[in-house]
Structure formats: C-alpha cells, structure tokens
Amino acid sequence: MPANHERALDALLRRGRLRTLETAHGIDFTSNDYLGLAQSRELTQAVEQAIARGVPVGAGGSRLLRGNHHEHEALEQEAARFFGGETALFFGGGFIANSALLSTLPSRGDLIVYDEYIHASAHDGMRLSKANAISVRHNDAQAFEETIASWRRDGGTGQPWIVIESLYSMDGDRAPIRDLADIAQRHDAMLIIDEAHATGVFGPSGRGLAADLEGSDNVISLHTCGKALGVMGALVIGPRVIRDFLVNRGRPFIYATAPSPLIAATVRAAIEICRTQPERRERLMNLVAHAERELKAKTRFVPSGSQILPLVVGGDVPAVALAKSMQSRGYDIRAIRPPTVPEGTSRLRLTITLNVDETQITRLVDDIAAAQAENAA
C-alpha cells in the first residue's frame with residue numbers, strides 16, 4: 001500500500017472516521033427500506049413471474065446498442081403515468097442518475113444554485129458540469145432567489161438551475177418546494193428535485209412531495225427505486241426534450257451497461273404496490289408518530305417529522321461509541337460522520353420502516369435514553 005494512503009487511513013482511525021463494511025445484523029433501524037418491500041413476498045413473486053416469462057437477468061450491453069429491453073420501456077411508460085410526467089428514463093442507480101443530470105443538462109454560461117445539504121452524487125455531477133455552481137443556505141428559499149437575481153444583475157444570461165432534495169437524507173426535513181417552484185417560474189429557471197427519500201412514502205399514492213409539480217415543463221424529478229420501492233435503480237421524470245438530450249449526451253447513460261431487465265420488471269411491480277396498497281404508508285406514518293412521541297418523552301432528541309430521525313451527538317468519537325452501544329443491545333444502527341454531515345454534527349441516523357413494530361421502537365428509545373444517562377454519568 002502506498003505510504004500516503006496508509007497515513008490517511010490511520011488519520012481517519014484516530015478521528016473516529018474510518019469506514020468499514022458490515023453485514024446487516026440486529027433490528028433494522030438503519031435501512032431505507034421504508035415500506036418493507038425489499039424482502040417482501042410480493043416482490044419475490046414478481047421476480048419469479050418475470051423469470052417464468054423469460055425476462056433476462058442481464059441486458060448484455062448499453063441501451064443504445066443491444067441492451068434496450070421492452071421491460072425498460074414498459075417501466076418507463078408506467079413510471080411516467082404514475083408520477084405524472086411526460087417521460088421517464090431508467091438508470092442503474094440514483095447516484096449515476098444525479099451525476100448524469102448535472103453533468104449533462106446545465107451548459108456553459110448557466111448557473112446551478114444548490115442547497116448546501118444536497119447529496120454527494122449531485123456534487124459529483126456539478127464538478128463535471130461546464131456551468132458555474134453556487135451553494136446556498138439549507139432550505140433558505142430567499143437565498144436561492146437572491147443568488148439568481150444577483151447573477152442576473154452581474155450579467156448572467158444563461159439558464160438558472162435550482163437543485164434540491166424534497167426530503168433530506170441526513171436530517172429528514174423537507175425543502176420549501178412551493179416557494180422554490182415560484183422562484184423558478186419568476187426567474188425562468190429549471191428545478192431539479194431529488195425525491196429519493198420521499199418516493200413511496202409521501203404524496204398521493206407515494207408519488208413524492210413534489211407530485212403536484214410533475215409534468216411542468218421546467219421541473220425534473222428523480223425517484224430512486226432502491227429505498228421505499230425496495231429494488232434498485234432510479235427514474236428521471238421530465239419533459240421529452242430532457243429525456244432525449246440525456247439519451248444523446250448523457251455519458252453515464254450512453255456508456256453504461258443497461259440496468260437488468262429483471263430489475264426493471266420488479267420496479268414496475270413495486271410501483272403497482274405503491275399505487276394499490278396505501279395501507280403500507282398509513283402503517284409507516286403510525287410508526288413514525290409513535291417514535292416521535294417516545295423520543296420527545298424520553299430523550300433530548302428532536303424528531304424531524306419524517307421517517308428519518310437524526311440523533312445529533314456532535315463529535316465523531318461519541319457518535320461511534322453510542323452507535324456501538326446500541327449495536328451491542330441488538331439494533332442495527334450506524335454512526336454518520338463528516339464529510340457526509342457537517343463538522344460537529346456526527347449522529348446516529350435512525351430510520352423507521354415497516355421492518356419494525358411499536359414494541360421494538362419503544363425498547364429502542366428506552367435503550368437510547370439509558371445509554372445517554374450512562375454517558376452523562
């Protein structure tokens with residue numbers, strides 16, 4: 001191993017930031033399998049039925065060569081109908097889809113204005129873009145407007161792009177979507193909304209927090225399929241011209257082997273479950289409300305109002321220690337540290353899913369309160 005790599009890893013270890021791979025263990029309070037679909041019988045049956053009708057596991061090439069399969073196109077047609085957009089385009093994952101959007105669509109002379117808490121995949125896309133990019137304060141709609149207005153006053157003549165998540169993955173809070181949509185209209189801006197953690201959970205039939213904006217000619221949404229939908233991949237929903245441009249210019253789409261047709265068929269089944277089983281979302285929201293009541297009553301942590309519950313500890317080492325304490329009690333909980341979250345906000349990121357019940361949530365919060373008391377003693 002090169003010496004500089006070894007020194008860098010040693011430094012991460014000393015700061016409590018060394019990452020390691022661990023298999024799933026304990027009661028699930030860390031996954032994004034919000035609707036409990038990942039290991040569901042319904043999706044298992046969907047896979048079995050797809051195999052029985054001859055759907056292949058592998059695509060065999062990129063979609064512009066031989067890899068385009070009717071299952072990809074069937075999914076895209078169904079997704080466009082379900083989410084309410086003109087078209088859909090299926091990618092192998094949310095990271096590659098976000099990277100493709102932001103490296104491909106904004107042009108030289110354009111301006112990207114993005115929330116400071118936007119996902120790492122968006123940052124990677126922006127690094128490859130020819131447009132200028134400016135970060136603004138988290139969930140501060142006025143900061144978005146002022147940044148675009150200032151750019152125009154200074155001679156900016158290109159297209160503004162507003163980039164947000166509808167529900168932020170580490171804090172569990174919501175973007176001011178309606179305010180930002182109004183700003184986009186006033187400034188002739190495109191609005192890119194990453195619905196990764198809202199898809200399947202919020203909105204009519206689980207269509208997301210920005211469902212009422214779908215179909216607008218200045219809105220592009222990203223719906224990942226590996227969280228509440230329980231599978232993998234991502235769907236970009238937007239105007240036909242956006243889809244066609246990504247197919248022709250989006251290098252992460254053009255040069256990647258197409259996603260598995262079997263996965264595409266399974267995602268279509270997951271969308272159908274979202275459409276026809278609203279009771280899953282109702283059960284999830286009841287569990288979230290129960291967790292919030294327990295946290296308010298027994299700990300100092302403030303609930304987020306969503307299925308993502310950040311327990312902000314502060315330092316890296318204390319966050320890791322608390323996570324290990326909870327793991328020893330039988331829970332699958334992980335510590336989240338910088339650079340994933342800002343300095344001084346290392347945390348446990350709890351998620352509420354249909355893989356747990358009220359009794360397990362109550363016991364979890366009791367154990368968190370006990371661990372806090374032990375650390376304070």
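Refer to the structure printed above.
What you see is a predicted model, and the numbers here were worked out from it, not measured in a lab. (Residues numbered from 1 in each chain as written. Predicted model: local features only at pLDDT ≥ 70, side-chain atom pairs only at ≥ 80, totals over all residues. Heavy atoms only, no water.)

J.: Please clarify how the pattern of salt bridges should be interpreted in this entry.
T.: One pass over the full model with this rule turns up 19 salt bridges. The partner of Glu294 in a salt bridge is Lys298, and the shortest N-O contact between them spans 2.5 Å. Of this pair, Glu294 and Lys298 both sit in helix α11 (residues 278-298), four residues apart, which is roughly one turn of that helix. On the basis of relative accessibility, which here comes to 13%, the residue Glu294 falls in the buried class. Taken together, the shared-partner salt bridges connect Arg17, Asp316 and Glu343 into one network. (Salt bridge = Lys/Arg side-chain N within 4 Å of Asp/Glu carboxyl O. Helix = DSSP H or I, 4+ residues; strand = E, 2+ residues; numbered from the N terminus. Buried < 20%, exposed > 50% of the residue type's maximum accessible area, 1.4 Å probe, protein only.)

J.: Would you take a moment to explain the environment of Met170 for this structure?
T.: Examined against the element boundaries, Met170 turns out to sit in the loop between β5 (160-165) and α7 (177-186). Its relative accessible area of 17% is what places Met170 among the buried residues. Separated by 61 residues in sequence, Met170 and Gly109 have C-alpha atoms that sit 32 Å apart. Other than its neighbours up to four places away in sequence, Met170 contacts Ile308, Pro310, Ile336, Thr340, Val341, Arg347 and Arg349. (Contact = heavy atoms within 4.5 Å.)

J.: Please clarify how unusual backbone geometry should be interpreted in this entry.
T.: Where the residue is not glycine, phi is negative for most of them; where a peptide bond is considered, it is trans in most cases. A cis geometry characterises the amide bond from Pro338 onward to Pro339, with omega recorded as 10 degrees. By secondary structure assignment, the location of Pro339 is in the loop between β11 (335-336) and β12 (346-351). Backbone geometry places Asn139, a non-glycine residue, at a positive phi of 60 degrees. Take Asn139: it is sitting in the loop between β4 (132-136) and α6 (141-153). Positive phi values are uncommon outside glycine, yet Asp188 reaches one of about 55 degrees. Residue Asp188 is classed as exposed on the basis of its relative accessible area, which comes to 56%.

J.: What exactly am I supposed to notice about α6 here?
T.: Because the α-helix completes a turn every 3.6 residues, residues three or four places apart line up on one side. The terminal C-alpha atoms of α6, which comprises 13 residues, lie 19 Å apart, in line with the 18 Å expected from a rise of 1.5 Å per residue. Looking only at α6, the buried set comprises Ala141, Ala143, Phe144, Glu145, Thr147, Ile148, Ala149 and Trp151. Those residues of α6 that are buried are in contact with β3 (111-115), β4, β5 and α7. Of the residues that open α6, the one with a side-chain oxygen 3.2 Å from the backbone nitrogen of Gln142 is Asp140. Phi turns positive one or two residues past the end of α6, at Gly155, with a value near 105 degrees. (Expected span 1.5 Å × (residues − 1). Polar contact = N/O pair within 3.5 Å; in protein donor to acceptor, adjacent residues only side chain to side chain.)

J.: Would you mind going over the packing of helix α4 (residues 94-104) against helix α5 (residues 120-128) with me for this structure?
T.: For any two helices packed against each other, one specifies the inter-axial angle together with the distance between the axes. Taken N-terminus to C-terminus, the directions of α4 and α5 make an angle of 35 degrees; their axes are 7 Å apart at the nearest point. For the crossing formed where α4 meets α5, the hand is right-handed. On α5, the residues that touch Gly94, Phe95, Asn98, Ser99, Leu102 and Ser103 of α4 are Ala120, Ser121, Ala122, Asp124, Gly125, Met126 and Leu128. A per-class count over the contact of α4 with α5 returns six nonpolar, six polar and one charged. (Axes fitted to C-alpha atoms, helices over the stretch in contact; angles between N-to-C directions. Left-handed = near helix turned anticlockwise from the far one by under 90°. Nonpolar A, V, L, I, M, F, W, Y, C, P; charged D, E, K, R; others polar.)

J.: Just checking my understanding: could you explain the layout of surface pockets for this structure?
T.: Over the atoms, a rolling probe the size of a water molecule traces out where space has been left empty. The space that makes up the largest pocket amounts to roughly 1,300 Å³. For the lining of the largest pocket, the elements supplying multiple residues, two or more each, are α4, α5, β7 (219-224), α12 (316-328) and β11. What the second largest pocket holds in volume is close to 360 Å³. Together, 16 residues line the second largest pocket, and Ala24, Asp28, Ser31, Asn32 and Asp33 are the ones closest to its centre. (1 Å grid on protein atoms, 1.4 Å probe; cavity = no way out; pocket = protein on both sides within 12 Å on 5 of 7 lines; lining within 4 Å. Points joined across faces, edges and corners; volume = space filled by probe spheres on them.)

J.: Would you explain the sheet that holds strand β2 (residues 87-91) in this entry?
T.: The pairing of strands in a sheet comes from backbone hydrogen bonds and takes either a parallel or an antiparallel form. Spatially, β2-β8-β7-β6-β5-β3-β4 is the arrangement adopted by the seven strands of the open sheet, whose pairing is mixed. With partners counted over all chains shown, the strands left at the sheet margins are β2 and β4, one partner each. When strand polarity is set aside, the average angle formed by the axes of neighbouring strands in this sheet is 20 degrees. Pairing analysis gives five bridges linking β2 to strand β8 (residues 234-238), with the strands arranged antiparallel. Paired with Leu89 across the strands is Val236, a residue of β8. α4 contacts β2, β3, β5, β6 (190-194), β7 and β8 of the sheet and is inclined by roughly 160 degrees relative to β7. Across the face of the sheet, α7 comes into contact with β5 and β6 while running at roughly 170 degrees to β5. (Pairing = 2+ DSSP bridges.)

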